[in-house]
Amino acid sequence: MNKATERLELIRNKHRPTVNDYIPLIFQNFMEFHGDRHYGDDHAIMGGIASFNGIPVTVIAQVKGRNIDENKKSNFAMPHPEGYRKALRLAKQAEKFHRPVICLIDTPGAFCGIEAEKRGQGEAIAKNLMEFMTLKTPIISVVLGEGGSGGALALAVCDELLVLENALYSVISPRGFASILWKDPSREKEAAELMRITAEDLLEFGVCEKIIPEPSGGAHNDMQLTAENISEHLYEAVKRHVKFNVDTLLDNRYNKFRKIGMFDFVQEE
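Residues numbered from 1 in each chain as written. Predicted model: local features only at pLDDT ≥ 70, side-chain atom pairs only at ≥ 80, totals over all residues. Heavy atoms only, no water.

1. So, the packing of aromatic side chains
Link 1 in the chain: The final tally for this structure, using the stated rule, is three aromatic pairs.
Link 2 in the chain: For the pair Phe-27 and Phe-52, a centre-to-centre distance of 5.4 Å together with 55° between the ring planes defines the contact as tilted. On the criterion of sequence distance, the pair formed by Phe-27 in the loop between α2 (19–26) and β1 (28–33) and Phe-52 in strand β2 (residues 45–52) is long-range, its members being 25 residues apart. Of the two residues examined, Phe-27 and Phe-52, each falls in the buried class.
Link 3 in the chain: Measuring from ring centre to ring centre gives 5.9 Å for Phe-177 and Trp-182, while their planes differ by 75°; the resulting arrangement is edge-to-face.
Link 4 in the chain: Its relative accessible area of 22% is what places Trp-182 among the partly exposed residues. (Phe/Tyr/Trp six-rings, centres within 6.5 Å; stacked < 30°, edge-to-face > 60°. Helix = DSSP H or I, 4+ residues; strand = E, 2+ residues; numbered from the N terminus. Buried < 20%, exposed > 50% of the residue type's maximum accessible area, 1.4 Å probe, protein only.)

2. Thoughts on helix α4 (residues 81–96)
Link 1 in the chain: Here α4 is 16 residues long and its end C-alpha atoms lie 23 Å apart, about the 22 Å a rise of 1.5 Å per residue gives.
Link 2 in the chain: Taken across its 16 residues, α4 has twelve buried, putting it largely inside the fold.
Link 3 in the chain: Residues of α4 that are buried: Pro-81, Glu-82, Gly-83, Tyr-84, Lys-86, Ala-87, Leu-88, Arg-89, Leu-90, Ala-91, Ala-94 and Glu-95.
Link 4 in the chain: His-98 sits one or two residues past α4 and shows a positive phi near 60°. (Expected span 1.5 Å × (residues − 1).)

3. Remarks on the pairing of β2
Link 1 in the chain: By the criterion of burial, β2 is predominantly enclosed, with six of the eight residues buried.
Link 2 in the chain: As defined by bridge partners, β1 adjoins β2 across four bridges and the pair is classed as antiparallel. By the bridge assignment, Glu-32 is partnered in β2 with Gly-48.
Link 3 in the chain: With eight bridges joining them, β2 and strand β3 (residues 55–62) adopt antiparallel strand pairing. Paired with Ser-51 across the bridge in β3 is Pro-56.
Link 4 in the chain: Connecting β2 to the antiparallel partner β3 that follows it, the hairpin turn spans two residues, and Asn-53 within it adopts a positive phi of roughly 50°. (Pairing = 2+ DSSP bridges.)

4. A closer look at the pattern of salt bridges
Link 1 in the chain: On inspection of all chains with the given rule, the structure shows 22 salt bridges.
Link 2 in the chain: The salt bridge involving Asp-159 is made with Arg-253; its shortest N-O contact spans 2.8 Å. You can see Asp-159 sitting in the loop between α7 (149–153) and β6 (160–164) and its partner Arg-253 sitting in helix α12 (residues 246–258), a full 94 residues away along the chain. Taken individually, Asp-159 and Arg-253 each receive the classification buried, so the pair is uniform in this respect.
Link 3 in the chain: As a salt-bridge pair, Glu-160 and Arg-240 come within 2.5 Å of each other at their nearest N and O atoms. Taken together, the residues Glu-160 in strand β6 and Arg-240 in helix α11 (residues 223–242) connect sequence positions 80 residues apart.
Link 4 in the chain: By relative accessible area, Glu-160 is classed as buried at 4%.
Link 5 in the chain: Look at the salt bridges and you will find they share partners, linking Arg-12, Lys-64, Asp-106, Glu-146, Arg-175 and Glu-188 into a network. (Salt bridge = Lys/Arg side-chain N within 4 Å of Asp/Glu carboxyl O.)

Structure below.
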C-alpha cells in the first residue's frame, strides 16, 4: 500500500478526531452562530466566534460525525448552499470587526443533490471563492482529513493553507475521479495514487505552506498532541498575517494562488 492509499484509510478511521473534538481543545469561549439569513441552518458547517490565545477570531468548520446519527445530522460533512452562505456571512462579519478567520476543512465534497442544486450550490461556492479572495482580514485554513473538490475550496481561499500530515486535498475525491475516468468508483485507491494529493505533494506544488505533524499511526492515537500541533502552527500563521496592512494582505493572497503549480517554459526556436 502506498502513501495516498494508507492515508485514505487513516482519514476515514471512525476514531479520527473531528472539529467537535478540536474546537474545545484549540479555542476558548467558542460561541456558535446559526443560519444563513436566507434559507436555514446547515449542520455540515459550524461557525462562530472564539478566543484563540487571547486573539478574537471567527471559526468556520466542516463537521464530520463519528457514528451514523452524527453523520446523518451533518449530511456526512457534505454542505448544502446554505452552509456556504452561513460561512460567508460569518466571514463578512469577521471582516467588519477585523477578526482573523480560521477555517477547518474536512469534507468529501459539497452535496450534489437536487435540492442543493435548486438552492444554488454552484453559485454559493463560486461566491465564496470570489468574496474570500478579497476579504480584508487574514484567513488561515487547515485541512484536517478529506479536502474534496469545490466543497473544500470554498473554505480554502486563504492567506495560508496548513495540512495535517495524513490529510488529502484535491480538485475531486478519489472516488469521483475513478467514477469519471474509469466508470468504476471501486478503483478509488488506485485513483488516489495517481492524483498527487498527499501533504507532501501539496507542499511541493505550492498549494499548502505547512504540514502539521500527526502522532505515529494517525491523529486518533493522540488527539491532545494533534490539537497542540494544530494550535502551534495556527498561532504562528495568525501572527504572521495580522501584521500586514490590507493592501499587502490582499496582494500576498493573490500572489499565493498565482504561483501554485509546476511549470515548464519552452523557448521557441
